[in-house]
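Residues per chain are reported as follows:
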Amino acid sequence: GRGGVADGLRSALLARGGSCVTVTAGRAFHRAGPTRYELDPARPADVAALLADLRATRPDRCAGVVHAWSLDAADTDGPPDRAYDLAVVSVLHLVQALAEAGPSRLLLVTRGAQRLGTEPVAPAAVPAALWGLARVVRLEHAELRPTAVDLDPAGGDGVAGLLDELLRPGDEGQLLLRGGRRYVPRLRPWRPPAAAWERRPFDPARDANSRVLAEHPGLLDSLTPTAWRRTPPGPGEVEIEVAAAGLNFSDVLKAMDICPGVPPGVTPLGAECAGRVVAVGPGVRSVTVGDPVLAVAGSALSRYATTPAYLVAPRPAGLTDEEAAAVPVAFLTAVYGLEYLARLAPGETVLIHSATGGVGLAALQVARRAGATVYATAGTRAKRELLRSLGVEHVFDSRGLGFADAIRELTGGRGVDVVLNSLTGEALTRSLSLVAPNGRFVEIGKQDIYADSHVGLGLLKHNRSFLAVDLERSFAEQPALIGTLWAMVADGFARGHYRALPVTSFPYGEAAAAFTLMAQARHTGKVVLRPEPGEVLAVRPDEAPVRAGASYLVTGGLGALGLRTAEYLVDQGARHLVLLGRRQPSAAAGAALDRLRSRAEVRVVAADVSRAADVEALLAGIDAGMPPLRGVVHAAGILDDGLLPQLDRDRFRSVAAAKVAGGWHLHRATAQRDLDFFVLYSSAAALLGSPGQGNYAAANAYLDGLAQHRRALGLPALSIDWGPWAEAGLAARPDRGGALATRGIRSLSPEDGIAALDRLLRSSTAQACVLPLDRPALAGLAGGGLLPELLDGLVGPAERPADREPGTAAIATALLAVEPGRRRRDLLARHCVAEAARVLKVEPATVDVTVPLAAMGFDSLMALELRKRLELSCAVDLPATVAWRFPTVEALVPFLAERMGIVLDPAAAGDDPGPAGPGGDPGGNPGGDLDAGGLDAGDLDGDGLGELADSEIEALLLTKLTQIDEGR
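Starting afresh in each chain, residues are numbered from 1 along the sequence in its written order. Note on the predicted model: pLDDT of at least 70 is required for a residue's local features to be given, and 80 or more for side-chain atom pairs to be given and counted; whole-chain, interface and lining totals, by contrast, use all residues. Processing note: side-chain calculations cover all non-hydrogen atoms of the structure and skip hydrogens and water entirely.

1. Section: the packing of helix 3 (residues 81-101) against helix 4 (residues 125-140)
Geometry of a packed helix pair, given as the angle between the helix axes and the separation of the axes.
Consideration 1: To obtain each axis, a line is fitted to C-alpha atoms, and for helices this fit is confined to the stretch in contact; angles are then taken between N-to-C directions over 0 to 180 degrees. Runs of H or I in DSSP of at least four residues are treated as helices and runs of E of at least two as strands, each being numbered from the N terminus. Between helix 3 and helix 4, the shortest axis-to-axis distance is 8 Å and the interhelical angle comes to 15 degrees. Looking at the two axes, helix 3 sits roughly parallel to helix 4. Crossing angle aside, the handedness with which helix 3 passes helix 4 is right-handed. Residue-level contacts link Ala-83, Tyr-84, Ala-87, Val-88, Val-91, Leu-92 and Val-95 of helix 3 to Val-126, Ala-129, Leu-130, Leu-133 and Val-137 of helix 4.
Consideration 2: Under the scheme applied, nonpolar residues are Ala, Val, Leu, Ile, Met, Phe, Trp, Tyr, Cys and Pro; charged residues are Asp, Glu, Lys and Arg; polar residues are all the others, including Gly. Among the residues making up the contact of helix 3 with helix 4, the classes are represented as 12 nonpolar, no polar and no charged. Angles are sorted into four bins: roughly parallel if under 35 degrees, roughly antiparallel if over 145, roughly perpendicular if 65 to 115, and oblique for all others. Take the far helix as the reference: if the near one is turned anticlockwise from it by less than a right angle, the crossing is left-handed, and if turned clockwise, right-handed. Note on contacts: a residue pair is in contact if any heavy atoms of the two residues lie within 4.5 Å.

Structure, rendered in structure tokens:
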């Protein structure tokens, strides 16, 4: 090996009285001397011949084998084929031969294949592939006690450390030797590094657009106008200069990071707006530039919004910008639910819940147009008086359950013909019980549906109907229906049956106040926001690097995962894609391509990335007829599973063709281009190993090494070691998913996978692993000694935030500077009081640490916001139930200190504070009345990549290396 490692180790062994032979790579098996051999790494017969000769000439059992050929394969300036044979395929042949010969300690040596901290040397990609194979060898052939050892890339022969490792029992499967110390890699939860946001006034000459976004999802007062890009309209799309945008309760849930069905993180806000058309895409005939319009748009809280033309309608005459912005969602929902679905008829009765909100007031007008009698609920006395002033005779309290008995009594037990429902829990069930025979129950909420709440079907007998409304899905999938609904709304305004809703208007710069008003249900009608000249923008430090005027290449682009990625890029504003595949698109891929082509230019190219000529021709074609290439996603790959004894060089090479050769050719062909991102789709198999996938693990580990190599050269790179995707990707097969489930790894939903991609693409991370982990299963594996070494830091005490490095939060530093005891407890209590006061928007002096939060006015959303604040300020993870498990600040303080790993009172250390009060919703809202701001949040963790039920999605970085021992 290079650097004299083999010769040095040989000398050290001989000095200890041992004996050894050395083997060099050559053209064929050859015994060059009593203790020296040559063989061809690509020929398994040569390895078998070597072991046979050793058995014949050396009757003593071989105590250990050191494979150091990868030290001669570290050059990443040439094609990897020969180096891959030398570093990786030769190990396959060696393991196959050793497995037949009997147990023997196996050391697999690399240099600079792994990067410790900020080491300046660029990691070597081919030796990194050996680490992926080594992890599979450890799973399939534990009898060999294999260990991958990475030597210091800065120099030194590492002989002393290697000798120590050879004589150890092999308890660790992978480690780094640096400066006489041993380090082992462990996966840790990933958090994006904090970065300061720039603040500046909006300047039309410099800033293309702005959006209202939450800097910290979960904290409403972090909502702010944010610099953004404009998205030119694609085919069938319209771009609108927004004059005003309507606010809906779903926007509040998204800003709070708890909206059902929406991945956690920074999320586009706003669903409706009014403004002026500034551009139309090809094929649009319904509107022209300059038309005043109202529209449904996925990111309406912006200065400019782009949306499909079928979601845009002419503005009714006589409405102001703010009044027009309040129309779309409220009237489309009311018309869809009552007129289109329920077919509300003259003389019928209808119960409208939360009737002073936007949808409720629109529904009152729809009911009057139909000639129906209205029963209504509202959450406060003032709101109920408003309804009576509007002519509603039968008005009830939406925050209790008494409305059901009162309506039943008023109707002689019959109930009502139609219910327009937005209440949750027991209030929903009571409302359903009020539906008369042949009646219709229209559900416009999502909470109970996404929670899979139980509703007895007996309530639907006698020809009763349950109709669930999900307009967001209809907006995306039913253009003909939306056109019909727009026509019905327009007819109502044209005939004078509908009039403008009352609005409360805020500038974008006061978005936090607007959202808080809606969250606390203190508004009537609609809350509307508007952009203003010169408003202060936040400039995000981690904006997704996707541009409308650039081209993007996705290899494996016709596969399920490639198409998901292409859809994500288009959602982010990409308008020019090249999707690379080796075969013709399938029927499913064809349908997905049709959807993509309705929004962007999409070229499908048949090419093989394992061929350098194909890659060069591909890029030349992009240069000739498309905008500059700014991003590459290498998602190509194949599987050819088999246990190591069943595999051979050809099967390793076939899997490596797309991953290894393809990644190399893309790297070389784009190294001189100005790319914004270069993403490599790797696999968790490369990090954890996967029995039967030695070739696949090695090829993906090469991609991890290539990403680290590029970063060290100053080039963009991100390698994502994906866990199994549930509905896409190479690991989506049930047999693979089931096998992984037994190891504590669950399948990743496409929505959560794309959300993880979005967050990682905005970061400066070079490599991350995205895994849906089953924590109880991992704990069980740890108890049985079966937990993969890389994951053992994610269970038991090490998974607690208390085990994070000291100093991750200012309050932690302040606490550690104070002696344990009363002063430390008081300091943490004051911090909690200050955060609670910020949520309540009161002076800290008014917060009593002994008074329950609910008694001070905390509802469910406020409790969630307090949790978010404490997580951010204390750098800990807190359960969603923390506010009711510890309902006072006094009860919360010991628990919070425990999570931070800080002892408040040495005499009480280790005590469990336990729940300090009865369980329940601190909001005290049994009906879950959205009008009152109530919400049953569920157990969603917005601090990481999200917790869904009992499965946790983790982004994990292989950059945390723990020193475990100091050697010579």
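Read on, since the account is not over.
2. Quick notes on the sheet that holds strand 1 (residues 22-25)
Consideration 1: Pairing between strands is defined by DSSP: at least two bridges between the two strands are required. Taken in spatial order, the three strands line up as 1-3-2 in an open sheet, and their pairing is mixed. Each end of this open sheet is capped by a strand with a single partner; those strands are strand 1 and strand 2 (30-33). When strand polarity is set aside, the average angle formed by the axes of neighbouring strands in this sheet is 30 degrees.
Consideration 2: Relative to strand 3 (residues 36-39), strand 1 is paired through four bridges, and the arrangement is parallel. Note on strand 3: the bridge partner recorded for Thr-24 is Glu-38.
Consideration 3: Across the face of the sheet, helix 2 (residues 44-57) comes into contact with strand 1, strand 2 and strand 3 while running at roughly 160 degrees to strand 3.

3. Quick word on the side chain of Asp-251
Consideration 1: Looking at where Asp-251 falls in the secondary structure, it is placed in helix 6 (residues 249-255).
Consideration 2: Exposure classes here rest on a 1.4 Å probe applied to the protein chains alone. A residue is buried below 20% of its type maximum, exposed above 50%, and partly exposed in between. Lys and Arg are tallied as positive, Asp and Glu as negative. Neither His nor the chain termini are counted. Salt bridges are defined by distance alone: a side-chain nitrogen of Lys or Arg within 4 Å of a carboxyl oxygen of Asp or Glu. No salt bridge forms around the buried Asp-251; measuring N to O, its nearest opposite-charge neighbour Lys-254 is 4.7 Å away.
Consideration 3: Side-chain polar atoms of Asp-251 contact the backbone nitrogen of Gly-270, separated by 2.9 Å. Two N or O atoms form a polar contact when they lie within 3.5 Å of each other; inside protein one atom must be a possible hydrogen donor and the other a possible acceptor, and for residues adjacent in sequence the pair counts only when both atoms belong to side chains.

4. Notes on the packing of helix 8 (residues 328-341) against helix 15 (residues 479-494)
Consideration 1: Packing of helix 8 against helix 15 leaves a shortest axis separation of 10 Å and a crossing angle of 100 degrees. The angle between helix 8 and helix 15 falls in the class roughly perpendicular. Residues Pro-328, Phe-331, Leu-332, Val-335, Tyr-336, Glu-339 and Tyr-340 of helix 8 form the contact with helix 15, whose own contacting residues are Leu-481, Thr-484, Leu-485, Trp-486, Met-488, Val-489 and Phe-493.
Consideration 2: Partitioned by chemical class, the residues of the contact of helix 8 with helix 15 number 12 nonpolar, one polar and one charged.

Everything listed here is a matter of coordinates, which is why it stays silent on function.
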